[in-house]
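# Observations on the model geometry
Here is how the chains run, residue by residue.
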Amino acid sequence: MRQRELPLTILVLVLVHTAETCTSRPHITAVEGEPFYLKFCLSSSEQKSRPSTIRWYKSGESHGRVGLNPSSSPRISVHDFSLEFWPIELDDRGTYIFQMGNDTRQWTLNVIRRNKNSCFTEKQVTSKSIEVQKVLTIPCTNSYYQRLINRTTLYKDCEKIAEGDTNPLLQKNAEFKDQGYYSCVFSIHHNGKEFNIIKTFNITIVGDNNNIIPALLGPKLNHVEVELGKDVQLNCSALLNEKDQLYWNFWRENGSDPNVHEEEGMRTRTSEGKWYASKILRIENVNENNLNFSYNCTAVSEGGIDTNSYILLKKAPGADIPGHVFTGGMIIAVSISVVVVCLVIVGVIYRVDLVLLYRRFMGRDETLTDGKTYDAFVSYLKECRPEDGEEYTFAVEILPRVLEKHFGYKLCIFERDVMPGGAVVDEIHSLIEKSRRLIIVLSKRYMCNRVRYELESGLHEALVERKIKIILIEFTPVSDLTFLPQSLTLLKSHRFLKWKADKSLSYNSRFWKNLLYLMPAKTVKPAAGDSEITPVLSAP
C-alpha cells in the first residue's frame with residue numbers, strides 16, 4: 001500500500017511546485033529593474049497532445065502583434081513555456097500572447113516605476129495580520145528563481161536585520177514592536193550581472209480577545225511620609241483590558257477635601273496586547289486633615305475588582321546631610337561632568353574615524369537597492385586644451401588607484417569609461433544620474449564648456465532633485481572662486497577637501513579618511529598591498 005502512495009505523493013508535490021510558478025492571473029504588475037517571467041503550464045490532457053510549435057507574441061497599440069524570439073531583445077529569453085525578462089523595463093508594458101497550436105493564452109502586463117526613495121515599492125506589498133504572541137514568520141522564498149538565488153537578505157523598514165540561505169530568516173512570537181514593512185531581497189547572478197528581486201510584506205500586529213483580571217501594581221497598603229504644607233502626588237498603576245476602569249476614591253462622609261484632585265495619567269498598550277494605565281492623585285498643601293486617611297485606587301472590570309490603599313503619615317524631622325557626604329557627591333558629579341565633556345570633545349575631533357569604524361563593524365551598505373551604477377562621477381576643472389595637467393593625473397590615475405583598487409568603489413571617468421562619438425551633453429547628464437556622488441577637482445585653471453556642464457548638471461541633481469551629493473577637492477589653492485556658479489556656495493562647508501601631496505600620500509591620511517567619510521557606505525574590504533600612494537605628483 002505504501003509503495004502505491006509514494007508515486008502519488010511525489011506527483012502531488014510536483015504539481016504544487018508547478019502551480020506556484022505558473023502565471024495564472026490575466027492582469028499582472030511588475031516593478032522596473034527586476035527579473036520577471038511569464039509561464040504557461042499545460043493541463044494533463046494538453047501534455048498528452050502537446051504540439052511541436054510554440055510561439056510567443058507581444059501586442060501593442062502602435063505595433064500590433066510582434067513575434068518574440070531570442071533575437072528580439074538581449075533582455076528577453078524564450079524557453080518554450082516561459083518568457084523571461086532580464087530585467088523588465090517600462091517599455092515592456094503591453095499584452096503578451098502564448099500560442100501552442102490552436103490554443104492561446106494572453107496576459108496584460110503593467111510595469112511600474114521603482115520608488116527611488118525607499119527599498120520597496122508600495123504598490124507591490126502583501127499585507128498580513130498576525131495576532132500578538134502568535135508565531136510571526138517571514139517566508140523569503142521564490143520558487144521560480146530558487147536555483148539561481150545566491151544570497152537572501154531581510155530588511156525591516158529598510159534596515160537590514162538578517163541574511164542567509166535558510167528559510168524562514170525570521171520566526172518568533174509576535175510583539176507590537178514587530179509591526180512594519182519586511183522586504184526579502186533575492187540576489188541573482190545571470191550572464192555576468194547581478195539582479196535583485198524584492199518581495200515585501202506589510203505586517204500588522206493585532207491584539208488577542210482574551211480578557212484578564214485587572215491587577216494593580218505595587219503593595220496593597222502603602223504608607224507615604226509627607227511634610228505639612230508641601231504638595232504630594234500619588235501614582236496608581238494597573239494592567240487592564242481595553243474597556244476596564246481605573247479611578248481614585250477619596251470621598252469622606254462630609255465630602256471630599258478641597259485640596260485633593262484626581263488627574264488623568266497615561267494609558268498605553270503592552271507588547272502582550274493588554275493595557276498599562278495610571279491615575280494620579282494630587283494633594284496640594286498637605287494639612288492635618290489629610291493624614292491617616294485611606295486614599296483608595298480601584299480597578300474595575302467584568303472579571304473582578306482590585307484595590308490599593310495609600311495612607312499619609314507625617315514625616316519625622318530629619319538631620320542635615322553630613323559634610324563629607326555632600327562633598328563626595330559634588331566630587332562625583334563634577335568627575336562625571338568632566339568625563340562627559342571629554343567624550344563629547346573626542347567624538348567631535350574623531351567623528352570621521354568613528355563613523356568609518358562603525359561602517360566597517362556594522363557592515364552597512366547604502367548601495368544595495370538605490371539602482372545606481374557608479375559610486376562617484378569624477379569631474380575636474382581645466383582649460384580646453386589637451387589633458388596634460390597634474391589635475392588630470394590626479395583625476396584619472398590617483399583617485400581610481402585608491403578608491404577603486406584599494407577600497408573597492410566604482411568610479412565613472414568620462415574619458416576612460418565612455419567611447420567617443422556620442423552626444424556629450426546627454427552622456428554626461430545620464431552618467432551623473434547613475435552616480436551616487438559627484439567629485440569635483442578644483443584648480444586655478446578656467447573650466448571649459450563641457451566641464452561647466454558637468455558642474456551645473458551635478459548642482460541641479462544635488463540642490464534641486466536632491467539625488468546626488470557633491471564632494472569638492474581643492475587640488476591646488478584657489479583664492480578666488482568667482483568663476484564657479486553661485487549656487488555652489490549653498491553646499492555644506494565640510495564637503496570641501498584639500499589635497500596636500502606631501503601629507504596625503506598615505507591611505508590612512510586625513511584626506512583619504514575624509515573622502516571615504518563623504519563617499520557612500522559600502523561593505524568593502526581594503527585591498528592588501530602598499531600603505532601609501534607612489535608620489536607621481538609634485539606638491540601643489
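Parameters at a glance
Residues numbered from 1 in each chain as written. Predicted model: local features only at pLDDT ≥ 70, side-chain atom pairs only at ≥ 80, totals over all residues. Heavy atoms only, no water. UniProt positions renumbered as here; feature names shortened; annotations may be inferred. Pairing = 2+ DSSP bridges. Helix = DSSP H or I, 4+ residues; strand = E, 2+ residues; numbered from the N terminus. Disulfide = S-S within 2.5 Å. Buried < 20%, exposed > 50% of the residue type's maximum accessible area, 1.4 Å probe, protein only. Axes fitted to C-alpha atoms, helices over the stretch in contact; angles between N-to-C directions. Parallel < 35°, antiparallel > 145°, perpendicular 65-115°, else oblique. Contact = heavy atoms within 4.5 Å. Nonpolar A, V, L, I, M, F, W, Y, C, P; charged D, E, K, R; others polar.

Going by what an unreviewed UniProt entry lists, the protein is known as Interleukin-18 receptor 1 and is assigned to Oryctolagus cuniculus. Under the UniProt heading Function (unreviewed entry), the note attached to the protein is "Within the IL18 receptor complex, responsible for the binding of the pro-inflammatory cytokine IL18, but not IL1A nor IL1B. Involved in IL18-mediated IFNG synthesis from T-helper 1 (Th1) cells. Contributes to IL18-induced cytokine production, either independently of SLC12A3, or as a complex with SLC12A3."

## Considering the sheet that holds strand β16 (residues 215-216)
Taking strand neighbours across the sheet as the criterion, the four strands line up as β16-β18-β21-β20 in an open arrangement whose pairing is antiparallel. The strands lining the two open edges of the sheet, one partner per strand, are β16 and β20 (260-269). Bridging between β16 and strand β18 (residues 232-240) involves two bridges; their strand directions are antiparallel. When the sheet's bridge partners are listed, A215 is paired in β18 with L239.

## Concerning the state of the cysteines
Under the criterion given, the structure shown has four disulfides. Paired by a disulfide, C22 and C41 hold their sulfur atoms 1.6 Å apart. Between C22 and C41, the disulfide has an S-S torsion of -90° and is therefore left-handed. With C22 in the loop between α1 (2-21) and β1 (27-31) and C41 in the loop between β2 (36-39) and α2 (44-48), this residue pair connects regions lying 19 residues apart in the sequence. By relative accessible area, which is 24% here, C41 ends up partly exposed. Here C140 engages in a disulfide with C184; their sulfurs sit 2.0 Å apart. Between C140 and C184, the S-S torsion sits near -70°, and that sign places the bridge as left-handed. Of the two residues, C140 sits in the loop between β10 (135-138) and β11 (149-156) while C184 sits in strand β14 (residues 180-190), which places them 44 residues apart along the sequence.

## As for the packing of helix α5 (residues 390-406) against helix α9 (residues 510-518)
Two packed helices can be described by the angle between their axes and the distance between those axes. Running from N to C, α5 and α9 point in directions that differ by 80°, and their axes come no closer than 12 Å. Classified by the angle between their axes, α5 and α9 sit roughly perpendicular to one another. Across the interface between the two elements, F394, I398, L399, V402 and L403 from α5 touch F511, W512, L515 and L516 from α9. Taken together, the residues that form the contact of α5 with α9 break down as nine nonpolar, no polar and no charged.

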